[in-house]
Amino acid sequence: MENRVIIFHLGNERYGIDVELVKGIEKAQKQPVVRIPNSVPYIKGIINLRGNVIPVYNIRSKFSLEDIPTTDATSLLITVVGSVILAIWVDEVEGIFDIDSEQTFPAPAIIKSAETSYILNIAHMEKGLAIILNAFHLLSEEEKQRVADMIEDVK
């Protein structure tokens with residue numbers, strides 16, 4: 001079985017997300033982010049993308065990585081997670097890849113916990129390992145509801 005994933009970078013680390021969940025890729029420099037004080041943890045702010053107000057998810061913060069300056073490569077993966085549209089802030093998009101099931105293996109038991117439920121599996125690729133994310137678990141149910149409420153309040 002083959003899956004298509006978008007591989008992206010956070011620093012030197014490689015991550016992937018199912019291409020079916022990504023509705024677009026935008027350059028971060030072209031999308032001004034409006035910060036929302038006291039919002040959901042890991043939400044960098046909101047953007048207005050073609051008339052839609054979309055929260056920007058700071059995945060670096062979620063993964064306890066320090067923020068870095070925005071570059072020409074910094075991108076936003078516009079994803080649909082359940083009923084929530086999120087723009088995931090990433091350092092760089094490497095590309096779209098086909099990954100066979102023989103290339104993947106489950107995350108080691110030692111790293112599995114409620115806090116890492118977003119790890120779907122690990123892919124062994126030509127350029128090294130990539131952690132494939134389950135986008136549905138990036139936000140808790142409470143955070144998803146708070147994001148939905150935040151978007152309603154902004155409209």
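Further up the page is the structure itself.
Residues numbered from 1 in each chain as written. Predicted model: local features only at pLDDT ≥ 70, side-chain atom pairs only at ≥ 80, totals over all residues. Heavy atoms only, no water.

A. Seen up close, the overall build of the protein. Looking only at helices and strands, one finds 2 helices and 11 strands in the protein. The linear arrangement of helices and strands in the protein, starting from the amino end, is β-β-β-β-β-α-β-β-β-β-β-β-α. Taking 155 residues into account, the globule formula puts the C-alpha radius of gyration at 15 Å, and the protein, at 15 Å, falls close to it. In terms of principal-axis extent, the alpha carbons of the protein reach across some 45 × 35 × 30 Å. Counting every position in the protein, which comprises 155 residues, the buried fraction comes to 45%. (Helix = DSSP H or I, 4+ residues; strand = E, 2+ residues; numbered from the N terminus. Rg over C-alpha atoms; globule rule 2.2 N^0.38 Å. Buried < 20%, exposed > 50% of the residue type's maximum accessible area, 1.4 Å probe, protein only.)

B. How the structure looks around the nonpolar core. Membership of the largest hydrophobic core comes to 32 residues, with the highest contact counts inside it found for Phe8, Ile17, Tyr57, Ile59, Leu77 and Ile88. Elements represented by at least two residues in this core include exactly strand E1 (2-10), strand E2 (13-18), strand E4 (43-49), strand E6 (75-81), strand E7 (84-90), strand E10 (119-125) and helix H2 (141-154). It is E7 that contributes the most residues to this core, 4 residues altogether. The contacts of Phe8, once residues within four sequence positions are left out, are Glu13, Arg14, Tyr15, Gly16, Ile17, Ile59, Leu77, Val90, Glu92, Val93, Glu94 and Leu133. (Core = buried A, V, L, I, M, F, W, Y, C linked by side-chain atoms within 4.5 Å. Contact = heavy atoms within 4.5 Å.)

C. Broad picture of the pattern of salt bridges. Counted by the stated rule, this structure contains 5 salt bridges. For the salt bridge of Glu94 with Arg14, the shortest nitrogen-to-oxygen distance reads 3.0 Å. With Glu94 in strand E8 (residues 92-100) and Arg14 in strand E2, the pair connects residues that are 80 residues apart, well separated along the chain. With a relative accessible area of 8%, Arg14 lands in the buried category. (Salt bridge = Lys/Arg side-chain N within 4 Å of Asp/Glu carboxyl O.)

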